[in-house]
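Here's the letter readout for the chains.
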Amino acid sequence: MKRAFLFFLLSVLSFQLSSQYIERCGYEIHKQNRINSDSDYSTKRSLIEQQISNHAVNSSVRSSEIYRIPVVIHVIYNNETQNLSDDKILEQLDVLNNDFGRLNEDTINTRTEFLPVAASTGIEFYLAQWDPQGNPTSGITRTQTNQASFFNLQFDLNRMKSASTGGVDAWDVNQYLNIWICNLAIPIINTPFILGFATPPEGAPNWPSGSAAEEANYDGVVLHYEVVGENPNATGALASVNRGRTATHEIGHYLGLRHIWGDAQGQDGCEVDDGIEDTPNCADAQQQTCDFNSNSCLDSPTDFPDQIENYMDYSDENCMNMFTIQQANAMRFVIENFRQDLILTNREQNNLSNSIKLFPNPTADILHWQVLNSANIVINQIQILSVDGRIVRIISDGSTSINLIDLSPGIYCIKFHAIGFESSLRFLKL
Ligand SMILES: [Ca+2]
Ligand SMILES: [Ca+2]
Ligand SMILES: [Zn+2]
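Residues numbered from 1 in each chain as written. Chains lettered and ligands numbered in written order. Predicted model: local features only at pLDDT ≥ 70, side-chain atom pairs only at ≥ 80, totals over all residues. Heavy atoms only, no water.

### Here's the deal with the overall build of the protein chain
Then step 1. For the protein chain, the count of helices and strands is eight helices and 17 strands.
Then step 2. Split into buried and exposed, the 430 residues of the protein chain put 57% on the buried side.
Then step 3. The contacts of the protein chain with a sequence gap of at least 6 include a subset with a gap of at least 24, amounting to 69%. (Helix = DSSP H or I, 4+ residues; strand = E, 2+ residues; numbered from the N terminus. Buried < 20%, exposed > 50% of the residue type's maximum accessible area, 1.4 Å probe, protein only. Contact = heavy atoms within 4.5 Å.)

What follows is the structure, encoded as structure tokens:
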């Protein structure tokens, strides 16, 4: 088994040495480790993929709530070039929010046949404003390391995640998306051995057991420093990965998505899919190209070309521009079921409750509300719920005076929704 893995590594390395090939994502290395140690790997995958696929299909009506994920960026540098600027990191956050929100300028390049399934995910990312101790933070940590590169022949993918091995310890992985940025270059040839990698959530139904982080504190995303943000001047192998979309792809994995070709290995690629209905089946990864003629599997009843626009392929980043509706549903399913603390323990959301004033309270008829000290908040929907959780009123017209004359006396919950957050208050109707 060890020999098979060694052969795999050598083939990856020789491929890198012999061409412009670049290993896009550490998934292959991780998966090969799994296959070597678990003979049931393929069977397990096909059984559990069904569950998430069922969920994605059945979730056509999904909550419209925006899920905002607090991010901490750990910049680990050995020299100043690797010590990326705050601006570079903000640029990466913009790329993520554009791609996940389908606000990217290149949506115009999505082919007509895929427009009906191209989706905003309703997921946003922001730099954490509070550290785990509750102190204000920029959401960026900077650590100088004595490690020239975190590439190593043992392919230990976690050394940047621990202070004891030249990296930096995670912030509470349940409350923050940790992104470590460091050098992953192979010495001498000076090409990254992978551009990035991510850990899927523990227990996600479409991943085999053992796919998640080996230790809880290793959960998160790692990026090679040269693929962070927009890099229009990148050359050689990095020219096809110059749009900051390694992060988009890896966070897709972190939120449970598989590669659109389903990671077939030693099988007919068309017999293995990603568990997502609206990504057409395809046999293998694109190789950093933009081949719009690629059509590797016959679909029925309608045959589609390979969806090379999808962020979960290995296409040239310049022709990636979409997630699908069911990928969005699958990621939201993962947030709701496996990573719920990312959104539930959001301190900024809790603080917002103090930003809205209700008056008079109690009231017999008119209830007024007012946003206090946060001029940028635009409330786009208000819901009034009974104490047993039934929605009794929805107000979407921005009115700041609500007539409650027809409500039965009692205690009610009033929820204010704005882009990126919601806040709940209570009032008493007399
Ligand atoms: Ca599919
Ligand atoms: Ca096809
Ligand atoms: Zn990947």
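### A look at the nonpolar core
Then step 1. In terms of nonpolar packing, the biggest core is built from 44 residues, with Ile73, Phe100, Phe125, Leu177, Ile179, Ile251 and Leu255 touching the most fellow members.
Then step 2. Of all the elements in the fold, those that place two or more residues in this core are β1 (67-77), α4 (86-100), β3 (123-127), β5 (177-182), β9 (221-224), α5 (245-254), α6 (325-338) and α7 (341-344).
Then step 3. Residues Ile356, Trp369, Ile384 and Ala418 belong to the second largest nonpolar core, which totals 18 residues. (Core = buried A, V, L, I, M, F, W, Y, C linked by side-chain atoms within 4.5 Å.)

### Observations concerning the pairing of β1
Then step 1. Burial of β1 is extensive: 11 of the 11 residues sit out of reach of the surface.
Then step 2. On β1, burial covers both faces: Tyr67, Ile69, Val71, Ile73, Val75 and Tyr77 on one face and Arg68, Pro70, Val72, His74 and Ile76 on the other are all buried.
Then step 3. As judged from the five bridges shared by β1 and β3, these two strands associate in the parallel manner. Note on β3: the bridge partner recorded for Tyr67 is Ile123.
Then step 4. Strand direction decides the pairing type here: β1 and β5, joined by five bridges, are parallel. (Pairing = 2+ DSSP bridges.)

### Quick look at the coordination of the calcium ion (ligand 2)
Then step 1. Taken together, Asn295 (OD1), Cys297 (O), Asp299 (OD), Asp303 (OD) and Phe304 (O) make up the protein donors of the calcium ion (ligand 2), found 2.2 to 2.6 Å from the metal.
Then step 2. Between consecutive donor residues of the calcium ion (ligand 2), the sequence gaps follow N-x1-C-x1-D-x3-D-F. (Donors = N, O, S within 2.8 Å, 3.2 Å for Na, K, Ca; no water.)

### So, α4
Then step 1. The terminal C-alpha atoms of α4 lie 21 Å apart, and with 15 residues this matches the ideal 21 Å at 1.5 Å per residue to within 8%.
Then step 2. For α4, the full list of buried residues reads Lys88, Ile89, Gln92, Leu93, Val95, Leu96, Asp99 and Phe100. Each buried residue of α4 sits inside an arc of 155° when the element is viewed along its axis, so together they form one side.
Then step 3. Buried residues along α4 sit against β1, β3, β4 (140-144), α5, β10 (323-324) and α6.
Then step 4. Phi turns positive, to about 50°, at Arg102, one or two residues after α4. (Expected span 1.5 Å × (residues − 1). Arc of directions from axis to C-beta.)

### Topic: the state of the cysteines
A covalent bond between the sulfur atoms of two cysteines is what we call a disulfide.
Then step 1. Taken as a whole and assessed by the stated rule, the structure comprises two disulfides.
Then step 2. Residue Cys270 pairs covalently with Cys297 via a disulfide, S to S 2.0 Å. Here the S-S torsion is close to -90°, and the disulfide linking Cys270 with Cys297 is therefore left-handed. Of this pair, Cys270 sits in the loop between α5 and β10 while Cys297 sits in the loop between α5 and β10, placing them 27 residues apart in sequence.
Then step 3. On the accessibility criterion, Cys297 (4% relative accessible area) is buried.
Then step 4. For Cys290, the disulfide goes to Cys319, at an S-S distance of 2.1 Å. In this structure, the disulfide formed by Cys290 and Cys319 twists by about -105° around the S-S bond and is classed as left-handed. In this pair, Cys290 is assigned in the loop between α5 and β10 and Cys319 in the loop between α5 and β10, connecting sequence segments 29 residues apart.
Then step 5. By relative accessible area, Cys319 is classed as buried at 5%.
Then step 6. The thiol sulfur of Cys282 is not disulfide-bonded, and the nearest other cysteine sulfur, from Cys297, lies at 6.3 Å. (Disulfide = S-S within 2.5 Å.)

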